[in-house]
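A look at the structure
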Amino acid sequence: MDEVLTMLMYDEDEGDHAKYEDGPQVLRHLLKFPKTQLATEGDDKATIFLAQSVGGLPLGIRIMAGFMNDMEGDTASEFMKLYIEDPRELMMQAGATPGYDKDIARSEGEEHPLDRVWTISFGSLKPQSRTLLGIMSFLNPDQIPQYLFDVAALSGKPANCADLSLLKGRVKLKGATTGLTIPALIDEISKGVFSIHRIVQEAIRYWCNGDEAYKYFTAAVHVVYEHFPRQVSGRPMPGNWDKCQDLIQHDQILAERFEELQNRFPKLEAPAELFELLKSCGWYLFEMADHPPAIQLLDKALKTCADE
């Protein structure tokens, strides 16, 4: 396998940053319009700067390249000027956070290497793409089926929810997904099924303020709730086991994400649909004789009740 592609598959959770000297090579390899983007020696130097700006992190370089490819008419030097003009110190006031910050030595007040990439990527998105990304940041990152966002699921809208009308209809949804796949914020791993890197999820959740994050979370709960089979009056669910299995990880992750939100914003109350969703999910696990996870999930469901 090509050495550059091998580097792109590097597991950031188990190792150090890619070396600065390798970063520009990776970035150049990912550019789709090299004749335009790398027209001069100055453009080559720009790729060195851009790779160093994200600490040589493969994910950061990949996202940087995706954004550059979206601006195909610009040379690397022109893109670098835009990049320099639009800095935002996303996590300046936060200390290093395990699971997001790979540079644990980063002191409070110092900028994380990926912060500028997140700011450019998220801040430049069109409303429909930003809404979709926000919702996806609360779902199972490995497999997000497009059918979650069908017209039926987007027709209703619970209180304090993101504007789902931005995604309603095939044309709008296609525009939203394209707006995320081009800058490499999500991948279409098979037809109608998407994945999103966990670091991207964590970054967008951190990047959002409390009100915005809650609206995205409520929307994520809603689209899963609309598709997860209901448990009604203790009736068995064997005819729906396949559908339950397809969505069970989304339910479990939503429960974890609500705990995360409450830790950041203690006054937040759970969306009404979350309790019903977790209750049905717990019942399915009980029917599958998966008792410990069922008990854990039902316990979380009880904790979401404001009048517990």
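Structure first, text after, so check above.
The paragraphs below set out a description of the structure included in this document. (Residues numbered from 1 in each chain as written. Predicted model: local features only at pLDDT ≥ 70, side-chain atom pairs only at ≥ 80, totals over all residues. Heavy atoms only, no water.)

1. Here we look at the packing of aromatic side chains
Counted only if it meets this: Here a Phe, Tyr or Trp ring, Trp counted by its six-membered ring, pairs with any other such ring whose centre lies within 6.5 Å, and the pair is stacked when the planes are under 30 degrees apart, edge-to-face when over 60, and tilted otherwise. Runs of E in the DSSP output that reach at least two residues are strands. Runs of H or I that reach at least four are helices, and both are numbered from the N terminus. Classification of residues uses two cut-offs on accessible area relative to the type maximum, computed with a 1.4 Å probe and protein chains only: under 20% is buried, over 50% is exposed, and between them is partly exposed.
Per the counting criterion, the structure on display carries two aromatic pairs. Considering the side-chain rings of F138 and F217, the 5.5 Å spacing of their centres and the 70° angle between planes classify their relative orientation as edge-to-face. With F138 in the loop between α8 (127-136) and β1 (144-145) and F217 in helix α12 (residues 210-227), this pair connects stretches of sequence that are 79 residues apart. Judged by its relative accessible area of 1%, F138 falls in the buried class. The class for F217 is buried, based on a relative accessible area of 0%. For the ring pair F217 and F258, a centre distance of 5.9 Å and an interplane angle of 25° mean the geometry is stacked. In this pair, F217 is assigned in helix α12 and F258 in helix α13 (residues 241-264), connecting sequence segments 41 residues apart. Grouping residues by exposure puts F217 and F258 together as buried. An aromatic cluster is present here, built from F138, F217 and F258 joined pairwise through their rings.

2. Describing helix α4 (residues 41-53)
Selection rule: Multiplying 1.5 Å by the residue count of a helix minus one yields the expected span of that helix. Here the arc refers to the set of directions running from the helix axis out to each C-beta atom.
For α4, spanning 13 residues, the distance from its first C-alpha to its last is 19 Å, which sits close to the expected 18 Å at 1.5 Å a residue. Within α4 the residues assigned to the buried category are D43, A46, T47, L50 and A51. Viewed end-on, α4 has its buried residues packed into an arc of 130°, placing them on one side of the element. Set apart from the buried face of α4 by more than 90 degrees, the exposed residues are E41 and K45.

3. A look at the sheet that holds strand β3 (residues 193-195)
Which entries qualify depends on this criterion: We call two strands paired when DSSP finds no fewer than two bridges between them.
One open sheet holds the three strands; their spatial order is β1-β3-β2, and the pairing between them is antiparallel. On the outer flanks of this sheet lie β1 and β2 (187-190), each paired with one strand and no other. In the sheet, β1 pairs with β3 via two bridges, with the strands oriented antiparallel. Bridge pairing in β3 places P145 opposite V193.

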